[in-house]
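Per-entry structural report
Next come the chains, spelled out residue by residue.
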Amino acid sequence: MSTTAFILFLAIVMLTMVITYIAAKKTRSAADFYTAGGGLKGWQNGLAIAGDYMSAASFLGIAGSIALVGFDGFFYSIGFLVAYLVVLYLVAEPLRNLGKFTLADMIAARFNNMKIRGVAALNTVTISTFYMIAQLVGAGALIKLLLGIDYVWAVLIVGCLMTLYVVFGGMHATSWVQIIKAILLMGGTFLLSIFVFSKFNFSLTGMFEQMKTATPLGEAFLNPGNKYTNPLDTLSLNLGLVLGTAGLPHILIRFFTVKDAPTARSSVVYATWIIGLFYILTIFLGFGAAAFVGTDAILAADKGGNMAAPLLAQALGGDFFFALISAVAFATILAVVTGLVLSAASAFAHDFYNHIVRKGKANEREQMKAARFASIGVSVLSIALALLASKLNVAFLVGLAFAVAASANLPVILFTIFWRRFNTAGAISGMLTGLLSAIALVAVSPSIWDPAGKAIFIGEPLITLTNPGIISIPLGFIGAWIGTIVSSRSKDADAKFDEVLVKANTGIHM
């Protein structure tokens, strides 16, 4: 065990615990727990969004993917960045104007139906759990490599910490952990990128020329097709990445932490600049790991390639830099999982417990109690699933979460805002069709089944697509359309749509 690494890890844990202690004193109401009382400024929320979004998949998974498969690994960086244009222009302001605490609030602004709230809560918990598995897998591999702790115990440690942050600190603690993490991650990534760039004599041309001979892939390293040989699979992955962000619950609830829609939009602008710079820097991390660590060493440390960035730090800066970058990655994971747990817990407490079980009559103390119990339940489920998925690359796991989000949530969000004919039956059928089709396709794909044992189970997959987006996303839209067409409209449907249209674009209640 590295003493330096242990001290840095301990310092991050202590810092986040102090934040949680301070935040716990400010968390006095359900609004404080769910959305920090809507009191964050645009730049603060922009940093928090970036901290929420630049996950273990970004820092660990993408660096590993680029190092191992070259250009194909960069698809994740492109997709994650472009996705924010969809959020900025289509989702951010209408969501803030229509919603209060959760995604279901936004849909309920037009269709005040308990079944819709229940299905929306189910989607939120499912997507958050998918995403959380990726973070916990990255955490387990990281702590195992750095501190010599068994993978199982590493996952349990992170799982317990993320539960404590949410249970006691709510959105106040979650937001500030994410803000601090974003600053640490950008600083660490920039410093590591400068180290790499210096090895190529600060020449972009020289870097790309050297990469043609630096890996076993040769010149193919810089060309597409090393991993995604099926064009449909490539398209499917990118559809999920570009459209999925607009349906991710832990990102969407961040727009409720600011006072109004203009602030929500400004926070997306701040986040996009930060995230854009970060994903450009992932090129340097991936190239550097491939050139100065090597494929064999990356795979020896972790079969999914998730330790490429920390190993690169060790190769270029020694044990201290290795410990520092690993500690930053650890902070990254802690920040993201707290947001995921909070989004799932909020959906359960606010949408399911308060509106369905208690018919909207639960007081704030009861809602907060339900949210805290839900936080524990979601954490336990995610930990159990992460123990089964230890062999998978975390960027790939997040790609699946994005596909489910794009399939289950995005169609309903867009139709709620823009389609006059849309109704309750369409919303329910769209969410369920997108969710179930995405999960079913993943369950029979090479992501789960592989004859060589590289996935969770050994066996032949029923389909060749590793990402279900190209099928499940259209099915989500089709399910919503069919459900709407075959069902009747309520008498006040047009008036309600006009009200929602005005409110979504202006924030004015008619």
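Residues numbered from 1 in each chain as written. Predicted model: local features only at pLDDT ≥ 70, side-chain atom pairs only at ≥ 80, totals over all residues. Heavy atoms only, no water.

1. Some words on the overall build of the protein
What counts, and what does not: Per the convention used, a helix needs a DSSP run of H or I reaching at least four residues, while a strand needs a run of E reaching at least two, with both numbered from the N terminus. For the radius of gyration, the atoms used are the C-alpha atoms, and the globule rule reads 2.2 Å times the number of residues raised to 0.38. The rule is simple: take the accessible area with a 1.4 Å probe, protein chains only, and divide by the maximum for that residue type; under 20% is buried, over 50% is exposed, in between is partly exposed. Should any heavy atoms of two residues lie within 4.5 Å, those residues are considered in contact. Only the protein chains shown count as covering a residue, and every accessible area follows the Shrake-Rupley method with a 1.4 Å probe. We score Asp and Glu as negative and Lys and Arg as positive, and we do not count His or the chain ends. By convention, charge coordinates are those of NZ in Lys, CZ in Arg, CG in Asp, or CD in Glu.
If you tally the helices and strands in the protein, you get 20 helices and two strands. For 510 residues, the compact-globule estimate of 2.2 N^0.38 gives 24 Å, and the protein sits close to it at 22 Å. When its C-alpha atoms are laid out on the principal axes, the protein stretches across 70 × 50 × 40 Å. Counting the 510 residues in the protein, one finds 61% classified as buried. Considering only intrachain contacts with a sequence separation of at least 6, the fraction spanning at least 24 residues in the protein is 82%. As displayed, the protein has an accessible area near 18800 Å², and 68% of this comes from carbon and sulfur atoms. Of the charged side chains in the protein, 32 are positive and 22 negative, and the gap between their average positions amounts to 10 Å.

2. Re the packing of helix H8 (residues 151–199) against helix H15 (residues 364–388)
The condition is simple: A fitted line through C-alpha atoms represents every axis, and for helices the fit uses only the stretch in contact; the resulting angles, taken between N-to-C directions, go from 0 to 180 degrees. Throughout this description, any angle smaller than 35 degrees is read as roughly parallel, any larger than 145 degrees as roughly antiparallel, any in the 65 to 115 degree range as roughly perpendicular, and the remainder as oblique. Helix crossings fall into two classes, left-handed where the near helix is turned counterclockwise from the far one by less than a right angle and right-handed where it is turned clockwise.
One way to put it is that H8 packs onto H15 with a least axis distance of 10 Å and a crossing angle of 160°. Judged by the inter-axis angle, H8 sits roughly antiparallel to H15. As H8 packs across H15, the resulting crossing turns out to be right-handed. From H8, Tyr-151, Val-152, Val-155, Leu-156, Gly-159, Met-162, Thr-163, Val-166, Val-167 and Phe-168 reach across to H15, where they touch Arg-372, Ser-375, Ile-376, Ser-379, Ile-383, Ala-386 and Leu-387.

3. A look at the environment of Ala-493
Inspection of the secondary structure assignment puts Ala-493 in helix H20 (residues 493–506). With relative accessibility at 13%, the residue Ala-493 sits in the buried group. Considering only alpha carbons, one finds Ala-493 and Leu-122, 371 residues apart in sequence, at a separation of 26 Å.

4. Some remarks on the side chain of Asp-105
Turning to its location among the elements, Asp-105 is positioned in helix H6 (residues 103–108). Judged by relative accessible area, Asp-105 falls into the buried class, the value being 7%. Discounting chain neighbours no more than four positions away, the residues touching Asp-105 are Leu-98, Gly-99, Lys-100, Arg-117, His-350 and Asp-351.

5. A short note on a nonpolar patch on the surface
Under the convention used in this document: A residue counts toward a patch only above 30% relative accessible area and without a salt bridge, and it is joined to like-charged neighbours within 9 Å or, for Val, Leu, Ile, Met, Phe, Trp and Tyr, to nonpolar neighbours within 5 Å. By salt bridge we mean one thing: a side-chain nitrogen of Lys or Arg within 4 Å of a carboxyl oxygen of Asp or Glu.
A cluster of nonpolar residues, Ile-471, Leu-475, Ile-478, Trp-481, Ile-482, Ile-485 and Val-486, forms a patch on the protein surface that exposes about 620 Å² of accessible area. Of note, Ile-485 is situated in helix H19 (residues 469–485).

6. Focus on helix H12 (residues 261–292)
Spelled out, the test is: Expected helix span is taken as 1.5 Å per residue step, with the number of steps being one fewer than the number of residues.
For H12, spanning 32 residues, the distance from its first C-alpha to its last is 46 Å, which sits close to the expected 46 Å at 1.5 Å a residue. Taken from the residues just after H12, Gly-294 is the one with a positive phi, measuring 95°.

7. Remarks on the packing of aromatic side chains
Remark: the centre distance and the inter-plane angle together describe each pair of aromatic rings, the angle taken between the planes. Applicable threshold: Side-chain rings of Phe, Tyr and Trp, where Trp is taken by its six-membered ring, are said to pair if the distance between their centres is within 6.5 Å; with planes under 30 degrees apart they count as stacked, over 60 as edge-to-face, and otherwise as tilted.
In total, this model carries 19 aromatic pairs according to the counting rule given. For the pair Tyr-53 and Phe-402, a centre-to-centre distance of 6.2 Å together with 55° between the ring planes defines the contact as tilted. Separated by 349 residues along the polypeptide, Tyr-53 in helix H3 (residues 42–53) and Phe-402 in helix H16 (residues 394–408) bring together distant segments of the chain. Each member of the pair, Tyr-53 together with Phe-402, is buried. Relative to Phe-352, the ring of Phe-348 lies with its centre 5.4 Å away and its plane at 35°, an arrangement referred to as tilted. Taken as a pair, Phe-348 and Phe-352 lie in helix H14 (residues 308–357) at a separation of four residues, close to a single helical turn. With relative accessibility at 34%, the residue Phe-352 sits in the partly exposed group. Counting every residue linked through ring pairs, the aromatic cluster contains Phe-111, Phe-415, Trp-419, Phe-422 and Phe-477.

8. Describing the environment of Gly-159
Structurally, Gly-159 can be placed in helix H8. C-alpha separation for the pair Gly-159 and Leu-334, spaced 175 residues apart in sequence, amounts to 8.9 Å. Contacts of Gly-159, omitting those with residues within four sequence positions, involve Leu-136, Ser-379 and Ile-383.

9. What about H14?
What counts here: Two axes enter the definition of the bend at a residue: one is fitted to the seven residues ending there, the other to the seven starting there, and the bend is the angle between them.
Along its 50 residues, H14 runs just 47 Å from first to last C-alpha, ending more than 12% under the 74 Å computed at 1.5 Å per residue. At Gly-317, H14 shows its strongest bend, of approximately 145°. In terms of burial, H14 is largely enclosed, as 38 of its 50 residues are buried. Lys-359 sits one or two residues past H14 and shows a positive phi near 55°.

10. Some details on the packing of helix H10 (residues 231–244) against H19
Contact geometry of H10 with H19 gives a least axis separation of 8 Å together with a crossing angle of 50°. On the basis of their axis angle, the class for H10 and H19 is oblique. Here Leu-232, Leu-235, Ser-236, Leu-239, Gly-240 and Leu-243 of H10 come into contact with H19, specifically with Gly-469, Ile-470 and Ile-473.

11. What about the pattern of salt bridges?
Evaluated as defined, the whole model comprises eight salt bridges. When the shortest N-O distance is used, the salt bridge between Glu-93 and Arg-265 registers 2.4 Å. With a gap of 172 residues between them, Glu-93 in helix H5 (residues 71–98) and Arg-265 in helix H12 connect regions that are remote in the sequence. On the accessibility criterion, Arg-265 (29% relative accessible area) is partly exposed.

12. As for the confidence of the model for the protein
Parts of the model with low pLDDT should not have their predicted coordinates read in detail. What counts here: Across the chain, each position has a pLDDT score giving the predictor's confidence in that residue, from 0 to 100.
For the protein, the average pLDDT comes to 85, and 96% of its residues sit at 70 or higher. The weakest mean pLDDT in the protein belongs to strand S2 (residues 457–458) at 77; the strongest belongs to H19 at 94.

13. As for the side chain of Asn-409
Inspection of the secondary structure puts Asn-409 in the loop between H16 and helix H17 (410–418). Here Asn-409 is in contact with Leu-103, Asn-123, Ile-127, Gly-247, Pro-249 and Val-404, once residues within four sequence places are set aside.

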